[in-house]
Amino acid sequence: MVNAQKFIEESVAEIRKAAGDGHVVMALSGGVDSSVCAALAARAIGDRLIPIYVDTGLMRKGESARIRQLFGSINLKTVDASAEFFAALEGIIDPEEKRKAIGERFIRIFEKEAVATGAEYLLQGTIYPDRIESEGGIKSHHNVGGMPLDIKFKGVIEPLQDLYKDEVRVVAGALGLPPEIQHRMPFPGPGLAVRVLGEVTPEKVGIIREANHIVEDELIEIYSPWQCFAALIGLGTGVKGDVRLHGWIVAVRAVNSRDGMTADPIRLPYETLERISSRITSEIPGVARVVYDITGKPPATIEYE
Ligand code: XMP
């Protein structure tokens, strides 16, 4: 386990050295990794850090408002890029292609912001498992394997690249970040796009955003899962109000894990599963079926793509 104080001192010194007297842009998503990165960099280089929140249109319900509320006091720039992301995802079915398209959009936005703000460096919250999975060819995390090669920054700074998630949380505590951030459930960089199998459209993302909200609402407070969410996995036949319906199938996933490298499905009570199923099918038009995923990692990954 990481020695948080020593880690903070060393990373602050490293960021200061890497950035020289330059400006640094970073994507601040409000998750624990990017928030820890921002806090370290703010200590190291003060207002030469330019945090940017990119609204990809693939975020969870209420996420953009929450970020503005949490980080309203720092100089946070918001970029609304949802139309750009949906256009980049049009027609893409292959999961790796999706991740690459999203990674590429992020980089292009940051290159543009770097020009606009005069920043020469990019700060990223890549953690150790992201690198392992990308390098091992398991999946390209948007901020590792998804990065296009003609990147135009002088350098990329990744202070958390040797840490596991639980270590990042310990560092977050030592930095004095609010518990809401310290214990925030992981949310993948490509967002809800990896929770929609097949082509990603605004309509499908709208459905899965609502389903995710219901799953989080029913599970987080009571079960404190390491991660829980919903994914749109296909279409099937159903019947609603005496009418046959070609409706969406939503998979619910709730897992416990130490570091995301392995995971165990949570044995949720049947009543809880029934309530989730009944809320999703009654509150979201077009959903005909809800299933609970009981696969561990391995052989499944936590996310669906
Ligand atoms: P998997 O699906 O590989 O996920 O078992 C392990 C953990 O990583 C998260 N995840 C990502 N996080 N960018 C991220 O920042 C990504 O591209 C990405 N893909 C998966 C996932 O939510 C889980 O917590």
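Criteria and cut-off values
Residue numbering note: each chain is counted from 1, following its sequence as written. Local features in this predicted model are restricted to residues whose pLDDT is 70 or higher, and side-chain atom pairs enter the listing and the counts only when it is 80 or higher, whereas totals over whole chains, interfaces and linings include all residues. Excluding hydrogens and water, the side-chain figures rest on all heavy atoms present in the structure. Here a strand is any run of E in DSSP of at least two residues, a helix any run of H or I of at least four, and the numbering for each starts at the N terminus. What the globule rule says is 2.2 Å times the number of residues to the power 0.38, and the radius of gyration is computed from C-alpha atoms. When accessible area is computed with a 1.4 Å probe and restricted to protein chains, residues below 20% of their type maximum are described as buried, those above 50% as exposed, and intermediate ones as partly exposed. Working rule for contacts: check all heavy atoms of both residues, and any pair within 4.5 Å makes them a contact. Residue-level accessible areas treat just the shown protein chains as cover; the underlying method is Shrake-Rupley with a 1.4 Å probe. For the purpose of charge, His is not counted, nor are the chain termini; Lys and Arg are scored as positive and Asp and Glu as negative. Charge positions come from single atoms, namely NZ of Lys, CZ of Arg, CG of Asp or CD of Glu. Take the buried Ala, Val, Leu, Ile, Met, Phe, Trp, Tyr and Cys residues and link them wherever side-chain atoms come within 4.5 Å; each set so joined is a nonpolar core. By definition here, a helix of n residues has an expected span of 1.5 Å times n minus one. To obtain the arc, one takes the directions from the helix axis to the C-beta atoms. Strands pair, by our definition, only if DSSP identifies at least two bridges between them. The path from the first strand over the helix to the second decides the hand: if it runs clockwise while the strands point away from the viewer, the crossover is right-handed. Lines are fitted to the C-alpha atoms to define the axes, a helix being fitted only along its stretch in contact, and any angle between axes, read from their N-to-C directions, falls within 0 to 180 degrees. Any angle between 65 and 115 degrees counts as roughly perpendicular, while under 35 counts as roughly parallel, over 145 as roughly antiparallel, and the rest as oblique. Should the near helix be turned anticlockwise from the far one by less than a right angle, the crossing is left-handed, and should it be turned clockwise, the crossing is right-handed. Gly counts as polar in this scheme, as do all residues outside two lists: the nonpolar Ala, Val, Leu, Ile, Met, Phe, Trp, Tyr, Cys and Pro, and the charged Asp, Glu, Lys and Arg. UniProt positions are given in the numbering used here, feature names are shortened, and annotations may be inferred rather than shown by experiment.

Draft legend 1. Just the overall build of the protein chain, in detail. Within the protein chain, the secondary structure is distributed over 10 helices and 9 strands. For the protein chain, the C-alpha radius of gyration of 20 Å lies close to 19 Å, the compact-globule estimate for 305 residues. With respect to the three principal axes, the spread of C-alpha positions in the protein chain is 70 × 40 × 40 Å. Counting every position in the protein chain, which comprises 305 residues, the buried fraction comes to 55%. Sequence-distant contacts in the protein chain: of pairs separated by 6 or more residues, those separated by 24 or more amount to 76%. When the accessible surface of the protein chain is totalled, it reaches about 13,900 Å², and 53% of it is carbon and sulfur. Of note, the protein chain has its 35 positive side-chain charges centred 1 Å away from the centre of its 43 negative side-chain charges.

Draft legend 2. Highlighting the nonpolar core. Counting residues in hydrophobic clusters, the biggest one holds 49 residues, and the most contacted among them are Leu58, Phe110 and Ile280. Counting residues per element, the ones that place at least two in this core are strand 2 (49-55), helix 4 (82-89), helix 5 (95-117), helix 9 (202-223), strand 6 (227-240), strand 7 (243-256), helix 10 (270-283) and strand 9 (287-292). Setting aside anything within four residues of it in sequence, one finds Ile280 in contact with Ala211, Ile214, Val215, Val250, Val252, Val287 and Val290.

Draft legend 3. Examining helix 2 (residues 32-45) more closely. Over its 14 residues, helix 2 runs 20 Å from end to end, which matches the ideal 20 Å to within 8%, given 1.5 Å per residue. Burial within helix 2 is extensive, with 12 of its 14 residues counted as buried. When helix 2 is considered as a whole, its buried residues turn out to be Val32, Asp33, Ser34, Ser35, Val36, Cys37, Ala38, Ala39, Leu40, Ala41, Ala44 and Ile45. Looking at the residues trailing helix 2, positive phi occurs at Gly46, about 55°.

Draft legend 4. Up close: helix 3 (residues 63-71). Turning to helix 3, its buried residues number three or more, namely Glu63, Ser64, Arg66, Ile67 and Phe71. Buried residues in helix 3, looked at end-on, bunch into an arc of 160°, giving them a common side. Buried residues in helix 3 make contact with helix 2, strand 2 and helix 8 (179-182).

Draft legend 5. View of the pairing of strand 1 (residues 24-27). When strand 1 meets strand 2, the two strands line up parallel, connected through 4 bridges. Counterpart to Val25 in the pairing with strand 2 is Ile50. In the classification by handedness, the crossover that spans strand 1, the intervening helix 2 and the parallel strand 2 is right-handed.

Draft legend 6. Broad picture of the packing of helix 9 against helix 10. As a packed pair, helix 9 and helix 10 sit with axes 9 Å apart at the nearest point and diverge in direction by 155°. In terms of orientation, helix 9 and helix 10 fall into the roughly antiparallel class. Regarding helix 9 and helix 10, the two cross each other, and that crossing is right-handed. Residue-level inspection shows Ala211, Ile214, Val215, Asp217, Glu218, Leu219 and Tyr223 of helix 9 in contact with helix 10, the latter providing Thr272, Arg275, Ile276, Arg279, Ile280 and Glu283. Grouping the constituent residues of the contact of helix 9 with helix 10 by class yields 7 nonpolar, 1 polar and 5 charged.

Draft legend 7. Summary view of the UniProt feature "binding site: ATP" (unreviewed entry) in the protein chain. Those residues carrying the UniProt feature "binding site: ATP" (unreviewed entry) are Ser29, Gly30, Gly31, Val32, Asp33, Ser34 and Ser35 in this numbering. With respect to the helices, strands and loops of the structure, Gly31 is situated in the loop between strand 1 and helix 2. Positionally, Val32 belongs in helix 2. Given the relative accessible area of 3%, Val32 is considered buried.

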